[in-house]
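Residue strings, one per chain:
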Amino acid sequence: MVIYDKSRKVFKLDTANTSYVMGVTEEGYLGNIYYGKKVDTTDLVYAMRTDEHPFTPSKMPGEKISFMDRFPMEYPFEGTGDSHGGCISIKDSKGQEGLELKVKSHNIYAGKKGLKGMPSARGGNTMSLDIVLSDEALGAEAVLSYSVYEECDIITRSVKIVNISDTSFYITKVLSACLNLETEVSDILSLHGAWARERHIQRSKISYGSYITESSRGEPGHQEHPFIALLSENCNRETGSVYAMNLVYSGNFTVKVQKDQFDRTRVYIGINPERFCWKLGSGEEFEAPEVIIQYACEGINSMTRNFHDFFRQYILPPEWVVAERPVLVNNWEATYFDFDDDKLVQIAEEASGLGIEMLVMDDGWFGHRNSDNSSLGDWYANREKIKGGLKDLADRINALGMKFGIWFEPEMVSPDSDLFREHPDWILALDGREAGLCRTQYVLDFSNPDVVDYIYGRLYEILKSANIEYVKWDMNRPIAEAASLSLPPDRQGEVMHRHVLALYRLQERLVTDFPHLLLENCSSGGARFDAGMLYYSPQIWCSDNADPVERLMVQEGTHLVYPLSTTGTHVADSPNHVNGRVTPFSTRADIALAGTFGYELDVTRISEEERAMIPAQIEKYKKYRHLIQTGDYYRIASFSENNRYDSYMVVSKDQNKAILVYVQVVTDSNVLTKKLKLYGLCPGRKYIVDGAEYLGSTLMNAGYILKPLRGDFQSVVIEINSTCTTA
Ligand code: DGJ
């Protein structure tokens, strides 16, 4: 619900359990009054504190700058007194930077307007509010848009800048949102990592000054993540307050948490202003990406469940939310570049007999690519390897009753490629310098529409040429040189964002032209796992590291925000190709249950014993995949915290079915058997667990005692059924 109380000049956005309140001062400034547990009145102007201190300009014009520095501005602007560093900065035609935004008008409406050319949450039973802020001297407007998703306790925000002057100006910074928090937040929860170690959870203390997490690699990267949560003191999985923000964006981002002299915490999120500068001509608009915001008051698990519900309902492609994802075998770790069509068919023959539903042909099928140093851009089948052509291969796979999928890396070109030889000016490069290589490849200049159209044409032709039902879209290097030969000097600061816009445009075209295609994004493992990409692809390859122990931490961090069904999880070889760890086949499969299950190994080469286990593993996944895809996720224990074991549950929405997954990473000697308190069950309902009957409240309070497991790297998946379903 969205309310405007005209007499008090107060906006109030209510979700099921929260309120977000803003007020307009006498001078026209928009202030953030309150965000937190639901309040039942708009009588909250006192909380803006304009009466409490004497600096309000209408009362004491001589202290305007002091006011600017302490007022909780809803969308703070730079250069006119707020020394925190705000959300927006604009350089005018005279080269000066500074603006002052005041409320001009507002509009409350049912539904939601999407962003143009960028992913944003889909509307539903949503109410929205647009507030137009304007700086008349500059001729600039900032339209703040809010949409309320009541049942998920989520609000989305975005900002559109409009040039209503008759000259161009330059946007040098445009963040999507900030929150002014006066309430007691004390900790920061964020996600960090590296290649093969993505999205590990980090918890740290908020202290005076600033904490920044950001990316300047042209994608979020393995290292940082466009998510932040601020927690109340002692907040844990089940209790305490959480303020969380997640940016719907797949490029350079910044997140800043700042504790100021007044003990107030501001948290900002948006496009990284570093190497960003957007020229906005007279009459033009610029939209900053959407941010998903929530306040959850029942601990970290409640934040996670809100995000999961929201992603499933409003971000993921609707067709794939409930549709079952095929169990796949991918040939990357099975063969790397050393394969041909007969080898793939041989893998598929074995795989289909075991119950695997799709074969994905990974890197190496095009141009003359036999290693990672050639042929990107030459999207034609290599007829030495794919001897009968793509259609013939797809038909042979289909004849086995399996689907066929294929790998692309559309944003890149190899120096050794026909495409680069023909168009050496189609790459991002600083004029007069040799462009830097990474994995022996260049980034294509997506600011140039000819490049984007050419690449789309190739993708389109390939996908039309055969029955290809799945695409893995990879990106294996960061962007370094934000420099385009196709843009004029005063638009070079647009390159990084233009790349992301073109990427979105391409994926939009792809899923529009091939509406039933299953798209899986990937970036050298999980370097571009974000809400923006999830709008087009319901699943993203989570990490190149499929070692089950490492995956516990990667998956825990990923599932802190994103639903299990978004996570590419495969059973790979042991010893693991990345870290050499040896683990049981059964544990690798149990850990891969928390996502879109598949195999990343050569099923023709593994031992008879392991091969014999596959049908039962697939049956287990198929039995639980609907639950995993649609249920509520509860984190119970974390290996990254206790260094010994890990556990989570998924509970069906009707609370009748659940699974408990437990992994004993390190065995304990001479300790009591593990007792776990379960979550999410109905307290008064009876449940059968391993043949015994318990009351839900018993399992959640007194706990469930696991049968002892022997040895390191052991796992168990326990089914929990209410007696309503077993009767
Ligand atoms: C990186 C991906 O994460 C891998 O799964 C694989 O597709 C390789 N790229 C192929 O180059």
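In the block above lies the structure referred to throughout.
These numbers were taken from a predicted model, which means no experiment stands behind them.

S.K.: Help me out: how do you make sense of the overall build of the chain in this one?
M.R.: Counting secondary structure elements, the chain contains 16 helices and 37 strands. Its C-alpha atoms give the chain a radius of gyration of 27 Å, within 12% of the compact-globule value 27 Å for 727 residues. With the C-alpha coordinates aligned to their principal axes, the bounding extent of the chain is approximately 85 × 70 × 40 Å. The 727 residues of the chain split such that 62% are buried. Here the analysis covers contacts within the chain between residues at least 6 apart in sequence; of these, 69% occur between residues at least 24 apart. Element-wise, carbon and sulfur atoms account for 48% of the exposed surface of the chain, whose accessible area totals about 26100 Å². Side-chain charges of the chain comprise 76 positive and 101 negative groups, with the mean position of each set lying 4 Å from the other.

S.K.: Where do I start with the sheet that holds strand 15 (residues 242–247) in this structure?
M.R.: The antiparallel open sheet is built from 9 strands, whose spatial order is 6-7-8-9-19-15-14-11-12. Edge strands, defined here as strands with exactly one partner in the open sheet, are strand 6 (102–110) and strand 12 (200–205). Across this sheet, the average inter-strand angle for adjacent strands is 20°, counted without regard to direction. The sheet contact formed by strand 11 (residues 185–192) and strand 12 spans 6 bridges and is antiparallel. Residue Leu-191 lies in a different strand from strand 12, and its bridge partner there is Ile-201. Lying over the sheet, helix 2 (residues 299–315) contacts strand 8 (140–149), strand 9 (154–163), strand 11, strand 12, strand 14 (227–232), strand 15 and strand 19 (285–296), oriented at roughly 135° with respect to strand 19.

S.K.: Would you mind going over the site of the ligand with me for this structure?
M.R.: If you check the shell around the ligand, you find 13 residues, and the closest are Asp-362, Asp-363, Lys-472, Asp-474 and Asp-544. Within the side chain of Arg-439, one N or O atom sits 2.9 Å away from an oxygen atom of the ligand. Within the side chain of Asp-544, one N or O atom sits 2.5 Å away from an oxygen atom of the ligand. Bound to the protein, the ligand loses 98% of the 300 Å² it would expose on its own.

S.K.: Sorry if this is basic, but what is going on with the pattern of salt bridges here?
M.R.: A side chain of one charge can pair with a side chain of the opposite charge when the charged atoms of the two come close. All told, the structure shown has 55 salt bridges when counted by the stated rule. Among the ionic pairs, Lys-387 bridges to Asp-342, the shortest N-O distance being 3.2 Å. With Lys-387 in the loop between strand 21 (358–361) and helix 6 (389–399) and Asp-342 in helix 5 (residues 341–354), this residue pair connects regions lying 45 residues apart in the sequence. Note on Asp-342: relative accessible area 38%, which makes it partly exposed. Linking Lys-343 and Asp-602 is a salt bridge whose minimum nitrogen-to-oxygen distance equals 2.8 Å. Of this pair, Lys-343 sits in helix 5 while Asp-602 is found in the loop between strand 29 (596–600) and helix 13 (608–630), placing the two residues 259 residues apart along the sequence. Accessibility classification places Lys-343 together with Asp-602 in one group, the buried group. In this structure, a network of salt bridges that share partners links the residues Asp-340, Asp-341, Asp-342, Lys-387, Asp-392 and Arg-396.

S.K.: How do you make sense of unusual backbone geometry when you look at a structure like this?
M.R.: A negative phi angle is the norm for most residues apart from glycine, just as the trans form is the norm for most peptide bonds. In this chain, Ser-574 is followed by Pro-575 through a cis amide linkage whose omega measures -5°. Tracing the chain through its elements places Pro-575 in the loop between strand 28 (567–572) and helix 12 (585–592). Residues other than glycine seldom take positive phi values, yet Asp-153 does so here, at roughly 55°. Locating Asp-153 in the fold gives a position in the loop between strand 8 and strand 9. Even without being glycine, Ser-375 reaches a positive phi, approximately 75°.

S.K.: Can you help me understand the sheet that holds strand 30 (residues 632–637) in this one?
M.R.: An order of 30-31-32-37-34-35 is seen for the 6 strands of this open sheet, with the pairing classed as antiparallel. Where the open sheet ends on each side, the last strands, each with one partner, are strand 30 and strand 35 (692–695). Put simply, the sheet's adjacent strands are angled 25° from each other on average, direction ignored. On the sheet, helix 12 packs against strand 32 (657–664) and strand 37 (714–722) and is oriented at approximately 50° with respect to strand 37. Strand contacts of helix 13: strand 30, strand 31 (645–651), strand 32 and strand 37, with the helix running at about 105° to strand 32, the strand carrying the most contacts.

S.K.: Hey, could you run me through helix 13 in this one?
M.R.: Compared with an ideal rise of 1.5 Å per residue, which puts 23 residues at 33 Å, helix 13 spans 34 Å between its outermost C-alpha atoms and is within 8% of the ideal. The sharpest bend along helix 13 comes to roughly 50°, located at Tyr-624. Buried within helix 13 we find Arg-611, Ile-614, Gln-617, Ile-618, Tyr-621, Tyr-624, Arg-625, Leu-627, Ile-628 and Gln-629.

S.K.: Is there a simple way to explain the nonpolar core in this structure?
M.R.: What tends to happen in soluble globular proteins is that the nonpolar side chains get buried as a cluster. With 202 residues, the main nonpolar core has Trp-365 and Tyr-599 as its most contacted residues. Look past the residues within four positions of Trp-365 in its chain and what remains in contact with it is Phe-339, Trp-379, Tyr-380, Ala-381, Asn-382, Ile-386, Leu-390, Ile-406, Trp-407, Phe-408 and Ile-462. Residues Met-649, Leu-660, Val-689 and Ile-720 belong to the second largest nonpolar core, which totals 21 residues.

S.K.: What should I look at first to understand the packing of helix 8 (residues 449–465) against helix 9 (residues 495–513) in this one?
M.R.: Two measures define how a pair of helices packs: the angle their axes make with one another and the distance between the axes. One can describe the packing of helix 8 onto helix 9 by two numbers: an axis separation of 11 Å at closest approach and a directional angle of 25°. Taken together, the axis directions place helix 8 and helix 9 in an arrangement best described as roughly parallel. Crossing hand, helix 8 versus helix 9: right-handed. In contact with Val-452, Asp-453, Tyr-456, Leu-459, Tyr-460 and Leu-463 of helix 8, helix 9 contributes Ala-502, Leu-506, Arg-509, Leu-510 and Asp-513.

Quick notes on the rules
- Residues numbered from 1 in each chain as written.
- Predicted model: local features only at pLDDT ≥ 70, side-chain atom pairs only at ≥ 80, totals over all residues.
- Heavy atoms only, no water.
- Helix = DSSP H or I, 4+ residues; strand = E, 2+ residues; numbered from the N terminus.
- Rg over C-alpha atoms; globule rule 2.2 N^0.38 Å.
- Buried < 20%, exposed > 50% of the residue type's maximum accessible area, 1.4 Å probe, protein only.
- Contact = heavy atoms within 4.5 Å.
- Areas by Shrake-Rupley, 256 points an atom, 1.4 Å probe, with all protein chains shown as cover.
- Lys, Arg positive; Asp, Glu negative; His and termini not counted.
- Charge placed at Lys NZ, Arg CZ, Asp CG, Glu CD.
- Pairing = 2+ DSSP bridges.
- Axes fitted to C-alpha atoms, helices over the stretch in contact; angles between N-to-C directions.
- Near = heavy atom within 4 Å.
- Polar contact = N/O pair within 3.5 Å; in protein donor to acceptor, adjacent residues only side chain to side chain.
- Salt bridge = Lys/Arg side-chain N within 4 Å of Asp/Glu carboxyl O.
- Expected span 1.5 Å × (residues − 1).
- Bend = angle between axes of the 7 residues up to and from the residue.
- Core = buried A, V, L, I, M, F, W, Y, C linked by side-chain atoms within 4.5 Å.
- Parallel < 35°, antiparallel > 145°, perpendicular 65-115°, else oblique.
- Left-handed = near helix turned anticlockwise from the far one by under 90°.

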